[in-house]
Amino acid sequence: MNRPERFSTPKPSGGSKSSTAIKLGTLGVLSTLVVGFCAAQNRYDEVGADCVDLSNRQPDGSYPVVPDDYCDDDHHYHGSHGAYGWYYGGTRTGGRVWRGTTVKPADAHITSRTGRVIQRGGFGFHSGGGG
């Protein structure tokens, strides 16, 4: 008997190409997510700080501003009734500041009014020198 020959159509070999495209697409999406996450981590609040005489709080709640060096961790200056410390985010008028806090804000970039970096944004960092 004479049988007709059957030709088999070769299957397309596109499987590896589509698999590669999926891997590259997934890698692109993951890369975008990682970059976005990292960029979001670098956002922080800008906070101003003043070195104040904490032992001399006024009736209106304000504190007198003193030189930044008084709040330097290396010197530990102390007034006659107490200590000097940083006052964060306050409103300064003349030589007094109020409406702030003595609690150091977390994850903030803190600088004194004279430009001294107290803490860089992100994980609490303190710059020990300064002027």
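Since the structure is predicted, the reported quantities are computational estimates derived from the model, not experimental observations.

Conventions adopted
Within each chain, residues carry numbers counting from 1 in the order of the written sequence. Per-residue local features are limited, in this predicted model, to residues with pLDDT of at least 70; the limit for side-chain atom pairs, both in listing and counting, is 80 or more; totals at the level of whole chains, interfaces and linings are taken over all residues. With hydrogens and water excluded, all non-hydrogen atoms of the structure serve as input to the side-chain values. Only DSSP runs of H or I covering at least 4 residues are called helices, and only runs of E covering at least 2 are called strands; the numbering of each starts at the N terminus. Think of it in three bands: residues with accessible area under 20% of the maximum for their type are buried, residues over 50% are exposed, and the middle band is partly exposed, with areas taken using a 1.4 Å probe on protein chains only. Every residue pair with non-hydrogen atoms within 4.5 Å of one another is taken to be in contact. In short, Shrake-Rupley with a 1.4 Å probe defines the accessible areas, and a residue's cover is counted only from the protein chains shown. Confidence of the predictor at the level of single residues is captured by pLDDT, which takes values from 0 to 100. Cysteine sulfurs are considered disulfide-paired once they come within 2.5 Å of each other. Just to be clear on terms, a salt bridge is a Lys or Arg side-chain nitrogen sitting within 4 Å of an Asp or Glu carboxyl oxygen.

Some points on the overall build of the protein
Helix and strand counts for the protein come out as one helix and seven strands. When the helices and strands of the protein are listed from N to C terminus, the series reads α-β-β-β-β-β-β-β. Here the protein holds 131 residues, and 24% of them are scored as buried. For the protein, the share of sequence-separated contacts (at least 6 apart) that also reach a separation of at least 24 residues comes to 47%. Surface exposure of the protein reaches about 9,500 Å², of which carbon and sulfur atoms provide 56%.

Focus on the environment of Ile118
Following the sequence through the fold, Ile118 ends up in strand S7 (residues 117-119). Here the alpha-carbon distance between Ile118 and Val47, two residues 71 residues apart in the chain, equals 9.8 Å.

Remarks on the confidence of the model for the protein
With 54% of its residues at a pLDDT of at least 70, the protein reaches an overall mean of 75. This stretch, residues 123-131, has a pLDDT under 50; its non-local contacts, to residues over four places away or in other chains, come to 18 contacts.

Section: the state of the cysteines
Applying the stated criterion across every chain, the model contains one disulfide. In this model Cys51 forms its disulfide with Cys71; the gap between the sulfur atoms is 2.0 Å. Sign of the S-S torsion, about 90° for the bond between Cys51 and Cys71, identifies this disulfide as right-handed. With a gap of 20 residues between them, Cys51 in strand S1 (residues 45-53) and Cys71 in the loop between strand S2 (63-64) and strand S3 (84-88) connect regions that are remote in the sequence. On the accessibility criterion, Cys51 (0% relative accessible area) is buried. For Cys71, a relative accessible area of 7% gives the class buried.

Description of the pattern of salt bridges
The tally for this structure, following the rule as stated, stands at two salt bridges. Across the salt bridge formed by Asp50 and Arg92, the nearest N and O atoms sit 3.0 Å from each other. Here Arg92 lies in strand S4 (residues 91-93) and Asp50 lies in strand S1, a separation of 42 residues in the sequence. Judged by its relative accessible area of 37%, Arg92 falls in the partly exposed class. Between Asp50 and Arg113 there is a salt bridge, with the nearest N and O atoms lying 2.9 Å from each other. In this pair, Asp50 sits in strand S1 while Arg113 sits in the loop between strand S6 (108-112) and S7, placing the two residues 63 residues apart along the sequence.

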